[in-house]
Amino acid sequence: MVPASSPLKMADISAFRRRCEDQYQLLPRQALVLVGLGTCGLAAGGDPVAKALREQLATEAEAVATADLEVEVRATGCMGMCEDEVLVDVVRPGMPRITYGHVTPEKARRIVSEHLIGGRPVDQWVLGQITDEDRPYAGNVVFDKQDRIVLANCGFIDPEKVEHYVARGGYAGLERVMSSMSPAQVIEEIKASGLRGRGGAGFPAGLKWEFAHKAPGDKKYIICNADEGDPGAFMDRSLLEGDPHALIEGMVIGAYAIGADEGYIYCRAEYPLAIKRLKIAIEQAKGLGLLGADILGTGFNCELHIKEGAGAFVCGEETALMASIMGERGMPRPRPPFPAQRGLWGRPTNINNVETWVNVPRIIARGAEWFASIGTPNSKGTKVFALTGKVRNTGLAEVPMGITIREIVFEIGGGIQHDRKYKAVQIGGPSGGCIPESLIDTPVDYDSLIAAGAMMGSGGMVVVDEHTCMVDLARYFMSFVQSESCGKCPPCRIGTRLMLECLERICAGEGKMEDLGWLERMGQRIKDYSLCGLGQTAPNPVLTTLQYFGDEYLAHVQDKVCPAGVCPALVSYTIVADACTGCTRCVRACPVNAISGKVKEPHVIDAELCVKCGACFEVCRFDAIVRGAAAAAAAVAGGAAGEGTATSEEVTGE
Amino acid sequence: MTTTAATNMLKLTINDQTVEVAGGATVLEAALAAGIAIPTLCHHPLLEPSGGCRMCLVEVDGARGGLITACSTPAVAGMVVRTNTERVRTARRDVLELLLAEHPLDCLTCERTGSCDLQDYAYEYGADGKTIAGAAYPPAAVRPDMVDGTNHFFVRDLDKCILCGRCVKICAEVMGYGAIDFVSRGAQTKVTTSFDVPIEQSSCVFCGNCITICPTGALQPKQGARQGRSFQYDKVRTVCPYCGVGCSINLHVRDGRVIGSSAAEGPSNRKLLCVKGHFGHDWIQSPERLSTPLIRGEDGELREASWDEALDLVARRLVEIRDQHGPDAIGGLCSAKVTNEENYVFQRFMRAALGTNNVDHCARLCHASTVAGLALSFGSGAMTNSYWEFEDSDAFFIIGSNTTETHPVIAAVVERARQRGATMIVADPREIEFAARADIWLQQAPGSDVALLNGMMHVILAEGLADQEFIAARTEGFSELEAKLAEYPPERAAEISGVPAEDIRRAARAYAAAGSAAILYSMGITQHTTGVDNVRSIANLAMMTGNVGKYAAGVNPLRGQNNVQGSCDMGGLPGNFPGYQLVGNDDHRAKFEAAWEAELSPTPGLTVIELLNAAEAGQVKAVYIMGENPMVSDPDLTHVEEALRSLDFLVVQDIFMTETSALADVVLPSASYAEKDGTFTNSERRIQLFGPAVAAPGQARADWEIICDLAGRVGHEMNYPGGTAEIMDEIARLTPLYGGVSHARLAEHDRRGLQWPCPDAKHPGTPFLHAGKFSRGLGQFAAVEYRPPAEVPDDEYPVVLTTGRILYHFHTGTMTRRSAGLGAHVPEGYIELNARDAADAGVGDGDMVKVTSRRGSITTRARVIEGIAPGVTFMPFHFAEAAANVLTNSALDPTAKIPELKVCAVRLEAAGAGGDA
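Now for a description of the structure that goes with this document.

Here is what the cut-offs are and how they apply
Residues numbered from 1 in each chain as written. Chains lettered and ligands numbered in written order. Predicted model: local features only at pLDDT ≥ 70, side-chain atom pairs only at ≥ 80, totals over all residues. Heavy atoms only, no water. Helix = DSSP H or I, 4+ residues; strand = E, 2+ residues; numbered from the N terminus. Rg over C-alpha atoms; globule rule 2.2 N^0.38 Å. Buried < 20%, exposed > 50% of the residue type's maximum accessible area, 1.4 Å probe, protein only. Contact = heavy atoms within 4.5 Å. Areas by Shrake-Rupley, 256 points an atom, 1.4 Å probe, with all protein chains shown as cover. Lys, Arg positive; Asp, Glu negative; His and termini not counted. Charge placed at Lys NZ, Arg CZ, Asp CG, Glu CD. Pairing = 2+ DSSP bridges. Axes fitted to C-alpha atoms, helices over the stretch in contact; angles between N-to-C directions. Buried area = accessible area lost by both parts, 1.4 Å probe. Salt bridge = Lys/Arg side-chain N within 4 Å of Asp/Glu carboxyl O. Polar contact = N/O pair within 3.5 Å; in protein donor to acceptor, adjacent residues only side chain to side chain. Nonpolar A, V, L, I, M, F, W, Y, C, P; charged D, E, K, R; others polar.

1. Section: the overall build of chain B
Broken down by element type, chain B carries 30 helices and 38 strands. The globule rule puts the C-alpha radius of gyration for 917 residues at 29 Å, and the 28 Å found for chain B is close to it. The proportion of buried residues among the 917 residues of chain B is 64%. Across chain B, contacts joining residues at least 24 apart in sequence account for 72% of those joining residues at least 6 apart. Looking at chain B as shown, the accessible area adds up to about 30700 Å², and 50% of this sits on carbon and sulfur atoms. Of the charged side chains in chain B, 80 are positive and 112 negative, and the gap between their average positions amounts to 5 Å.

2. A word on the sheet that holds strand 3 (residues 88-91) of chain A
The strands making up a sheet associate through backbone hydrogen bonding, with each pair oriented either parallel or antiparallel. Residue and element names in this part refer to chain A. Reading across from one edge, 2-1-3-4-5 is the order of the five strands in this open sheet, with mixed pairing throughout. In this open sheet, the two edge strands, each paired with only one partner strand, are strand 2 (70-76) and strand 5 (126-130). Adjacent strand axes in the sheet meet at a mean angle of 20 degrees when their direction is disregarded. Across three bridges, strand 3 lies against strand 4 (residues 97-100) in antiparallel orientation. Within the sheet, the bridge partner assigned to Val-88 lies in strand 4 and is Tyr-100. Contacts from helix 3 (residues 46-59) reach strand 1 (30-36), strand 2 and strand 3 within the one sheet, and its direction differs from that of strand 1 by about 160 degrees.

3. A closer look at the interface of chain A and chain B
Contacts between the two partners involve 34 residues from chain A, matched on the other side by 37 residues from chain B. Note on chain A versus chain B: buried area summed over both sides is about 2800 Å², and carbon and sulfur give 56% of it. For chain A, the biggest contributors to the area lost against chain B are Arg-329, Arg-497 and Tyr-529 of chain A; these three give 24% of the whole. Seen at the junction of chain A and chain B, the total is four salt bridges. Where chain A touches chain B, the interface holds 13 residue pairs in polar contact (both at pLDDT 80 or more). Listing elements by their share of the side of chain A that touches chain B, those giving two or more residues are helix 19 (470-484), helix 20 (490-507) and helix 21 (513-529) of chain A. Looking at the side of chain A that touches chain B element by element, the count peaks at nine residues for helix 20 of chain A. Of the residues that constitute the side of chain A that touches chain B, the class distribution is 14 nonpolar, seven polar and 13 charged.

Here it is in structure tokens:
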């Protein structure tokens, strides 16, 4: 630890940074083992791996000494390759940094023995190597397409050590602001950078700051929206866990610019690790005089509080979020007045999300011009995406704005699992939309996505393949927004309920042709009449799937078929007698004993008992089980089996 | 909002019409100003804009998405608004369709049919709830079978709730209770209590303002259910008969009967009410109402009699006694619950017809010390400000007033200001609701107010927070006060009052620092042997900081009964003619002698307690009581009963048989407020006109008619063929305060009424007093010394008893205990005490406890609470069967002659479970 006996003054900071750099820089005999201990790493079993590493080092202490090594085991945040957790990186003097994936405690012990002590990397588990910290895994397409500005420190520093952050340039932005910039100059810098809000709507951040700066009032607030609630989104969590000081620095700079002296970080309570690390970081920053009273001896004060959310999606909406901070039920209110005019406790307030704030110190430290050179004319900088769904490389990817969906999915994401057929990408969470394969070359920037009917959202990107039913997907998102609607305005509360009920009927095979037009009209009404962003965007998943995947809806409504084979009521499983070998795997897999037949003779599924879970389909090695529309499957089964008593009713029933 | 004039005006265009409004106005307000109606379901002028219901969507050129909510969007110069386009109408119809899609369409049986906003809009926009959902898929109700009717006052039917949130907001933003809120999300969202408990287990105080504000049938009063809907009954607007706030209410009249009641939009209450005002009027139709005169026969029993027989008897006996013992052997009590006109007629009857100034009433028991004290300090003994000015006050000092229970609608105005940032300082021996909400709570010992106030003033002076400019320009006598205050450093004040010295300092600073600070006080200040001292200390505090004589800042005694201000104004006082003109002043007396054509006594008469003492001493032989119940309301009831029983002749005129009328020789049935016309003057000096809703029961007559009839029979003609309006004209002629008042003027502007002083017919009335100059010229400081209460605890009676009102009952319970909901909600009295005192007495919460003072003993139920200091107990005085006033001390303030109802010493003993008084 670098001792920080007393709060830093402006004059002390260079010396302090040098001490931090010295500590961060490895000496010739120092070796480093990094373990990814973000939530993703922990969930994959990071703790036992870290324990195994330490134990092995202790066990082999003598060998370590003999090799003239001094080894530090460092917990770090998410590198973005969540798919490959647990990640362990080894930096041995004289060798590049080697990354291992899917590390278990057993593997960890071997890595210590062979690589760290023996100097021989365990090739079979190596994912890649880093020679330049600014361009990790150069040569690897997953990383070559990325531009890590926001995530720069994630996976490198120990997020619980402020010295690491400072060593990698942390608080240089704050230093520059406090030593040489007026609030107006800071705002000008942010405006010039072209930074737009990363929370979803993309409002220019500098302009927003300017409103709050100019709003009359002697007391102002800043807020960080860390209530990341979109299904499949975890960018903010990784940042909070991996680089909490970057947020604090961004917020202090923002507070200085708008004239606030107090701020809140509204973080969902489901992120306990993020909250723990934020608390540590806040204490460290206060101890160093980088936060709190008399920052860097300049007389500027800024207090930050953490407010834990109670699990309501709508609290990501800024007015609901403020209500929640003030102890009220999180319900949105109309704007105007905007938070910049009347926010927390009626005072001018500026709200940005985590990723926006984290961009700020980078922009200040490296200049608006540098930032504006990245991205497209109207969407500057990078965007972090949480890549999930049926893509091979799930995880976080930070890409320059303007990159195409194809590049993200097929290069960074490595394409579709099991080489199945790509269908669409659902982008922007419940507020976003589905972009079909035909638009796969759409550049990812604010305006292009909106033109395609979707939106940037907070950066959730769910890749969908041929086995995903788009009607079911729309139904899922609608059920999400319906159950998360705050209930305040009728279009959102009642309209989404009616839409959900309609989608449920369609998925159950009870849809009618007029439902399709009705869904579209109702969706438009909800968009037009709702109070807040939740309602105004709630119908987007339905509207975009109707627009791009109308044929799937038609199949459900007209033909009573779910082409992806997902909607239980529209699917039937039958056994093709000719292909069935009577191996009984399906019998054992069936949870409801719906399959019968003698060993080595063709089996039969009792459609009455079948719950359409698809377990038999998954386990059959002979493609003997056919999944399809209820009627079609019945015909197949009837034709193949000749008699088909089990399904004849369905045939006649149709 | 109220007085901030000269705000920037701006122009916008609404439906091609140019509209000019003040900056800060919303589009909705701008439209309203232009006479353009915009439908709303969640909006209400008393509430912060919500923007939730989406009914007020209007088109604005250039707005994002085109449609904005008019209720929440500020009007901007040059804005072009369209409120009734096809797009707007479609949007509203769609929203209604959505609401109706899950609303039970049971208008055929719903109480609110005909008075339901949702129904009216559905009709206007042609929405039926079927179109939008598609006829094939009627959605199931989401909140069925969610009817909570467990409380005594209203039914909540959540299936009819459209979640507009008005009830939630009025409960939280205006009343400050937050008993209900939204819970759950999505389709399951509903409005209910914390943890969904029945409403009576929540913090609800049943003000019913949620019912008033509900746009549908989700909230319904129990009273009047299935007896008629809005189009089947008449709504007769009148003034609430309970406390001194003077709220406007509607009585629902069908076939000559009052079947229910509701809030009316009035100048003082703006459609807010409390539980009594909302639900406490069913006694009007009570079969127990007196409907025929009664005379006590030879057998000692009361028997029915004709008016002629009864009035002749009264006239004969009064004349006999006057002739035999002199006019001052007769005394009369007029009433704070009857009209100005009736009080005027009563005192004229006593003075001119009988020749005595022995006329007083129960104001003696509540604000005599205010009338005397403020008259000395300011020259006028009334509330200096108007209630709604408090919205703009920066700080409140509330001392000796349990405002939320005794004046709930004034409390609502104060609460709104508090929520907007006003500082609240509360001084009260108990942790009353406002003490719990206050920024600073001073828990002073009962009877220590002068010391506390002197301590605060000491701090203000010592810290240079006094308004020296105001003191120099507007007051006199400050140096004497200054010298006295030197003796009261906060440490000494703390020693006497029990309030920590630091809290005294904080309170002093907070009060003195405010731009406009309002003092509110009530009986906790006045009902002491030091009542006048207390009042003068309050006046000192206000003058010293310049917090009087201006908008939103002043000294505000909250009056306890609906016409206690008026009955004092009308000369229902032994030393005063109407308008506080003095019986001892020759000019004043000459004016009244000329007008009444009678010789008048120049000697001030006896006050209430003096009258009773004189009766017991045999000096007063006959007493005429109009609408008062001293057998419950006065201190030391044993003594009161002895006094009344020792009279030769007692006449009681009332609406019910009371504990007092039961002792009378003649009982005369009178009409209640619902059955007559006239005016009441409320606590903010507002004179309000009201008319009859129904006919009086049986032969009951208005009090003024009875008195006038009787006057003729004793030889003093008082004929008013023009009725009460003519009486008011006479009042106006003789009373400068009311000089410009007439029934015709009071009826103007939707019965806005007039606030006195209103000296002539052109005068608009006076919202706040002492602007620029005190009524007496210069404000008079008084150097006040602390004196302990008359009775302090000792070994024999070790505990202090203080008394007061509770929210659910009024005064002696004559009306409220006969109201079904109120009577059932709080059926019996109790004593509040600290756990330590309960343990000392050997009683637990809910046990019966025997309470004994030097004057008597009663048994009541113990309520062991935390918010009361050890050694202090509290009893409400409404309950005759265990009357607190058996115990209280009738020791008097030397000037105001008000008894010390707020402090006496008692002893507590366990009485065994279920014991009875």
